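# Breakdown of the fold
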Amino acid sequence: MKEMKNKEKQQTAAPKKRLSLKQREGMMGYLFVLPWIIGVLIFVLRPLAQSFNFALSRVKMTPKGREITFIGIQNFTQILQEDETFPTELAAYLVKTVMAVPIIVVFALIIALLLNAKIKGKGVFRLIFFLPVIIASGPVMAQLVSQGAGSIPAMNTSMIQSMIGFLPGFIVDAIMGLFENIVMYLWYSGVQILIFLAAVQKIDTSLYEAAKMDGGSTWECFWKITLPTIKPMTLLNVVYTIVYLSNNEQNTIIETIKNAMFGTTGSKGYGYASAMAWLYALIVTLLVIVFAAALALKKDVYAKKAKKYRKELKKQERLIKKIEKRGEQYEKQKAKRTAKAARAAR
């Protein structure tokens, strides 16, 4: 009898829930990100807290060590009220980045679509476009820029400058700096090209075939299939481009912060430079948020319809389960009534 009861319990026991594909993919994603998270917790978090402490203090280097005196937000107010160069450089950085990011990302997308076409020697072309990422960095890039390799000789920059002369000085400088180093900015698109290329190659070709059968042109396929599908990768490339331009060797703000850190005047030093770095990090973060919001502003109509369809499908599944449960309960009650009637008849 006990064995029969145990068997009945095992049969009636609810089956263990298996993880869905989405949950398994999420776990694998966290597993891949785990080394980076460990690295941030061990190597980045403490220096970050120390830098914020420096930003709120006056730091003096003495033979006995560092002397840290808490002064609150005086470093920040001094930068915004008394510093003549840093706020202007921040404004120029904003204008230059807002102009450069779309150029780099759009150029990377165009090259990725061309490389995805059926052409001979794809690998060679990919290598050519990615080669500047490896070679043109650090001192090499500085030498190329100093020799004028970052600009197009045939471009008439003086005419452009005369056309935008009515704008404020820092905006003119930022725009002219972009045109004078246009080739250099296009060299920065190597990583973005590879990301876009990987995204485009993952699109299901049956979508294009179905669109062609319905009379869709190549232009329509690009706007209705390609662009919405690679939208997450577009956001990734925008964020990567902003961060890369912000930490680039050619960025004058990095040099300004470094000079302030080793400044000989008593008003500057590690604390002043840390405050400048935190202000710069805040501007970069706000810029990333603005670009991310701009890209996420218009949601895809097809994605909305697919989400609505999935919700309706889940509702139907829940309704079917409820009906099945009620049916099982009804069958059990019917079996009990039949058994009772049979016993009463005896």
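Anything mentioned here points back to the structure above.
Our subject in this report is the structure included herewith.

Cut-offs and rules
Residues numbered from 1 in each chain as written. Predicted model: local features only at pLDDT ≥ 70, side-chain atom pairs only at ≥ 80, totals over all residues. Heavy atoms only, no water. Core = buried A, V, L, I, M, F, W, Y, C linked by side-chain atoms within 4.5 Å. Buried < 20%, exposed > 50% of the residue type's maximum accessible area, 1.4 Å probe, protein only. Helix = DSSP H or I, 4+ residues; strand = E, 2+ residues; numbered from the N terminus. Contact = heavy atoms within 4.5 Å. Polar contact = N/O pair within 3.5 Å; in protein donor to acceptor, adjacent residues only side chain to side chain. Expected span 1.5 Å × (residues − 1). 1 Å grid on protein atoms, 1.4 Å probe; cavity = no way out; pocket = protein on both sides within 12 Å on 5 of 7 lines; lining within 4 Å. Points joined across faces, edges and corners; volume = space filled by probe spheres on them. Nonpolar A, V, L, I, M, F, W, Y, C, P; charged D, E, K, R; others polar. Patch = residues over 30% accessible without salt bridge, like charges linked within 9 Å, V, L, I, M, F, W, Y side chains within 5 Å. Areas by Shrake-Rupley, 256 points an atom, 1.4 Å probe, with all protein chains shown as cover. Salt bridge = Lys/Arg side-chain N within 4 Å of Asp/Glu carboxyl O. Lys, Arg positive; Asp, Glu negative; His and termini not counted. Charge placed at Lys NZ, Arg CZ, Asp CG, Glu CD. Axes fitted to C-alpha atoms, helices over the stretch in contact; angles between N-to-C directions. Parallel < 35°, antiparallel > 145°, perpendicular 65-115°, else oblique. Left-handed = near helix turned anticlockwise from the far one by under 90°. Phe/Tyr/Trp six-rings, centres within 6.5 Å; stacked < 30°, edge-to-face > 60°. Pairing = 2+ DSSP bridges.

We now examine the nonpolar core. Counting 46 residues, the largest nonpolar core has F86, I242 and Y280 as the members making the most contacts within it. Sorting the residues of this core by element identifies α3 (74-81), α4 (86-116), α9 (182-187), α10 (190-201), α12 (218-229), α13 (231-246), α14 (252-261) and α15 (270-296) as the ones contributing at least two each. Of the residues forming this core, the biggest block, twelve residues, is contributed by α4. Setting aside residues up to four positions removed in sequence, Y280 forms contacts with F86, L90, Y93, S246, N251, I253, I254 and I257.

Right, let's talk about the side chain of D83 for a bit. With respect to the helices and strands, D83 occurs in the loop between α3 and α4. At 3.0 Å, the side chain of D83 forms a polar contact with the backbone nitrogen of T85. Among residues more than four places away in sequence, those in contact with D83 are Q78, Y272 and M276.

A separate point is α15. For α15, built from 27 residues, the straight-helix expectation of 39 Å at 1.5 Å per residue is met to within 8% by its first-to-last C-alpha distance of 38 Å. Within the sequence span of α15, burial applies to G271, Y272, A273, S274, A275, M276, L279, Y280, V284, L287, V288 and F291. Turning to α15, the residues buried within the fold contact α2 (21-55), β1 (57-62), α3, α4, α13 and α14.

There is about 520 Å³ of room inside the second largest pocket. Looking at the second largest pocket, it is lined by 21 residues, and the ones nearest its centre are N247, A277, Y280, A281 and V284. Going through the elements one at a time, α2, α13, α14 and α15 are the ones with two or more residues in the lining of the second largest pocket. Looking at the lining of the second largest pocket residue by residue, the class counts come to 15 nonpolar, five polar and one charged.

For the rest of this paragraph, the subject is a positive patch on the surface. On the surface, a cluster of positive charge is contributed by K22, K307, R310, K311, K314, K315, R318, K322 and R326. A total of eight residues in the positive patch trace back to one element, the largest contributor, which is helix α16 (residues 301-345). Tracing the backbone shows K307 in helix α16. On the basis of relative accessibility, which here comes to 49%, the residue K307 falls in the partly exposed class.

The geometry of α13 relative to α15 is characterised by a closest axis approach of 10 Å and an angle of 160 degrees between their N-to-C directions. In terms of orientation, α13 lies roughly antiparallel with respect to α15. Where α13 crosses over α15, the two elements pack in a sense that is right-handed. Residues K231, T234, L235, V238, V239, I242 and S246 of α13 touch α15, and the partners they reach there are Y280, V284, L287, V288, F291, A292 and L295.

Let's shift gears to the environment of N248. Mapping N248 onto the fold places it in the loop between α13 and α14. Residues contacting N248, with those up to four places away along its chain left out, are Y188 and I254.

What follows is about the packing of aromatic side chains. If you walk through the whole model with that rule in mind, you get six aromatic pairs. One aromatic cluster is present, built from ring pairs that chain together W219, F222 and W223.

Below, the discussion takes up the pairing of β1. When β1 meets strand β2 (residues 65-70), the two strands line up antiparallel, connected through six bridges. In the sheet register, M61 faces β2, and the bridge partner there is R66.

This part is about the pattern of salt bridges. Here the structure, examined in full by the defined rule, presents one salt bridge. The salt bridge partner of K258 is E255, with a shortest N-O separation of 3.6 Å. Note that K258 and E255 are positioned in helix α14 at a spacing of three residues, about one turn of the helix. We classify K258 as partly exposed; its relative accessible area is 41%. For E255, a relative accessible area of 39% translates into the label partly exposed.

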